[in-house]
Amino acid sequence: MNAIVCDAIHARRLLRFIYEGYERVLEPHLYGINTQNHEMLSGYLVGGWSATETEPGWRNYLVHDMYDLHALAESFEGPRSGFNPESVRFRQVYCRLDEERQRA
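Since the structure is predicted, the reported quantities are computational estimates derived from the model, not experimental observations. (Residues numbered from 1 in each chain as written. Predicted model: local features only at pLDDT ≥ 70, side-chain atom pairs only at ≥ 80, totals over all residues. Heavy atoms only, no water.)

A. Quick look at the overall build of the protein chain. Along the protein chain, the regular secondary structure elements total one helix and six strands. From first element to last, N terminus to C terminus, the protein chain shows the α and β order α-β-β-β-β-β-β. Expressed as a percentage of contacts within the protein chain between residues at least 6 apart in sequence, the contacts between residues at least 24 apart total 58%. A total of about 5,800 Å² of accessible surface is found on the protein chain, and carbon and sulfur atoms cover 47% of it. In the protein chain, 11 positive and 15 negative side-chain charges are present, and the distance between their average locations comes to 2 Å. (Helix = DSSP H or I, 4+ residues; strand = E, 2+ residues; numbered from the N terminus. Contact = heavy atoms within 4.5 Å. Areas by Shrake-Rupley, 256 points an atom, 1.4 Å probe, with all protein chains shown as cover. Lys, Arg positive; Asp, Glu negative; His and termini not counted. Charge placed at Lys NZ, Arg CZ, Asp CG, Glu CD.)

Take a look at the structure:
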């Protein structure tokens, strides 16, 4: 389990990392083991770059493919619209964002 990821989720801090050669800035929402037994992070991409999808939005990342991972000082409000804390893509959850304040 990656403590940086869980700490960022609990503190509602942005994560910055390199994935497939591109920098990503993410609002982390859900972290655990997916149905293929890989550590996976689900969140809302707010910055950086993706070769396939250039618009902000929901993304899933395999943790073993993430490099140069850092929690940023910048925080975010809370769960984005569309957040599913009970996603069937996860067989085990290490940490997740609470749903106190869901936003659009």
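Moving on from the model shown.
B. Representation of the pairing of strand β3 (residues 39-48) within the structure. Along β3, seven of the ten residues are buried, which leaves the element largely enclosed by surrounding structure. Alignment of strand β2 (residues 22-34) against β3, held across nine bridges, turns out to be antiparallel. The residue of β3 that forms the bridge with valine 25 is glycine 47. With antiparallel pairing between neighbouring strands as the criterion, β2 and β3 make up a hairpin whose turn holds four residues, including asparagine 37 at a positive phi of roughly 70°. Across six bridges, the pairing between β3 and strand β4 (residues 57-62) is antiparallel. (Buried < 20%, exposed > 50% of the residue type's maximum accessible area, 1.4 Å probe, protein only. Pairing = 2+ DSSP bridges.)

C. Local environment of the state of the cysteines. If you walk through the whole model with that rule in mind, you get one disulfide. Across the disulfide from cysteine 6 sits cysteine 95; the S-S distance is 2.1 Å. Judged by the torsion about the S-S bond (-90°), the cysteine 6/cysteine 95 disulfide is left-handed. Of this pair, cysteine 6 sits in helix α1 (residues 3-11) while cysteine 95 sits in strand β6 (residues 90-96), placing them 89 residues apart in sequence. Exposure remark for cysteine 6: the relative accessible area of 7% places this residue in the buried category. (Disulfide = S-S within 2.5 Å.)

These results come straight from atomic positions and should not be treated as a statement about function.
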